[in-house]
Amino acid sequence: MSTEQSPLHEPPPNPFGGKTLIVDAERPGCFTLPSEALAHAQQDDQIFIRPGVYEDRLVMTERTIHLVGAGRDQVTIFNRRSGPCYLQRVSGGQISGITFRYVGSDQHSALNILDSVCTISHCRATEGLLSGVVIYGPDCRPTLLDNEITHNRESGIFSFAGAQPYLRENTCFGNHHFGMAARDEGTRPDMIKNICRENMLSGILLFHLAKALILENTCEENAHWGIVLTPDCESTPKSDDLPQSNHLAHNPRGAYTLTTEPLADIGR
């Protein structure tokens, strides 16, 4: 399969010293699907996806990953039967420049991350029937940077079961529940400079013993509050100081609230 470069959509140099595998469904000699390139990729190889819409499912387990798309407005990976991207115990690497879209009717997320450590940047996760991105497991410490998480049936980014992700400069809007949510003892995301707007409940939710650093986020124009916490949770800074450390304007019910029933409005 080809490792050549396109004059219009050239892959970045591979910083790991391996090959660059090209995915291009229209060009002979290239891989036709990202999953095909993934099956051939060695530890130090990079996969570059040229513009296109690919019906595919990526499953990455117990490996590193170096997956680069031409841009989230130019590359879409979608699936009808399952979430289009599943990471389990990924030990390093990066994913960037791709839209992940779920178009089925069962309960799946667009991006599923279990006990993995990698960087996901400049991607989009959309139309999940669960949250757009689910991050879970006590060894789950990914970095999500400058992603767009939109129009998912539950929340945008949901961290639970002990995950400790670093979430920075992501935009979560138009989701049916919250822009970002965290649940469970041991779960401790860092939420820094994210934008959570126009979500159908509130911008950020912290519940069921979760802890979080919540700093310099913008939560505005959500249907309820900017930030919702339950009394058993712990935020840094403390709840009373959240309006001074974040931008929580133009939410009809106020900047933040403490409640024992954060999901009452959706019947839970």
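See above for the structure.
Computed from a prediction, not measured in an experiment: that's the story for all the values here. (Residues numbered from 1 in each chain as written. Predicted model: local features only at pLDDT ≥ 70, side-chain atom pairs only at ≥ 80, totals over all residues. Heavy atoms only, no water.)

Caption draft 1: Up close: the environment of L206. Within the element layout of this structure, L206 appears in strand β22 (residues 204–207). The sequence separation of L206 and L258 amounts to 52 residues, and the corresponding C-alpha distance is 9.7 Å. The contact partners of L206, leaving out residues within four places of it in the chain, are A182, K211, A212, I214, V228, L229, T230, C233, E234 and S235. (Helix = DSSP H or I, 4+ residues; strand = E, 2+ residues; numbered from the N terminus. Contact = heavy atoms within 4.5 Å.)

Caption draft 2: Highlighting unusual backbone geometry. In this structure, P237 follows T236 across a cis peptide bond, with omega equal to 0°. Looking at the secondary structure, you find P237 in the loop between β26 (234–236) and α2 (242–245). Unusually for a residue other than glycine, D146 sits at a positive phi of about 55°. Mapped onto the elements of the fold, D146 is located in the loop between β14 (143–145) and β15 (148–150). Assessed through its relative accessible area of 27%, D146 is described here as partly exposed. Notably, E216 is not glycine yet its phi reads approximately 60°, a positive angle. Note that E216 resides in the loop between β23 (211–215) and β24 (218–220). The class of E216 is partly exposed, set by a relative accessible area of 40%. (Buried < 20%, exposed > 50% of the residue type's maximum accessible area, 1.4 Å probe, protein only.)

Caption draft 3: Examining the pairing of β23 more closely. Of the two faces of β23, only the one carrying A212 and I214 is buried; K211, L213 and L215 on the other face are not. Examined bridge by bridge, strand β20 (residues 190–192) and β23 share three bridges and lie parallel to one another. When the sheet's bridge partners are listed, I192 is paired in β23 with L215. Sheet topology note: the β23/β26 ladder contains three bridges and is parallel. Residue pairing for β26: A212 is matched across the bridge by S235. (Pairing = 2+ DSSP bridges.)

Caption draft 4: The arrangement of the pattern of salt bridges in detail. Under the defined criterion, the tally for this structure stands at eleven salt bridges. For the salt bridge of R168 with E169, the shortest nitrogen-to-oxygen distance reads 3.4 Å. By relative accessible area, which is 35% here, E169 ends up partly exposed. The salt bridge partner of K211 is E234, with a shortest N-O separation of 4.0 Å. Of this pair, K211 sits in strand β23 while E234 sits in strand β26, placing them 23 residues apart in sequence. (Salt bridge = Lys/Arg side-chain N within 4 Å of Asp/Glu carboxyl O.)

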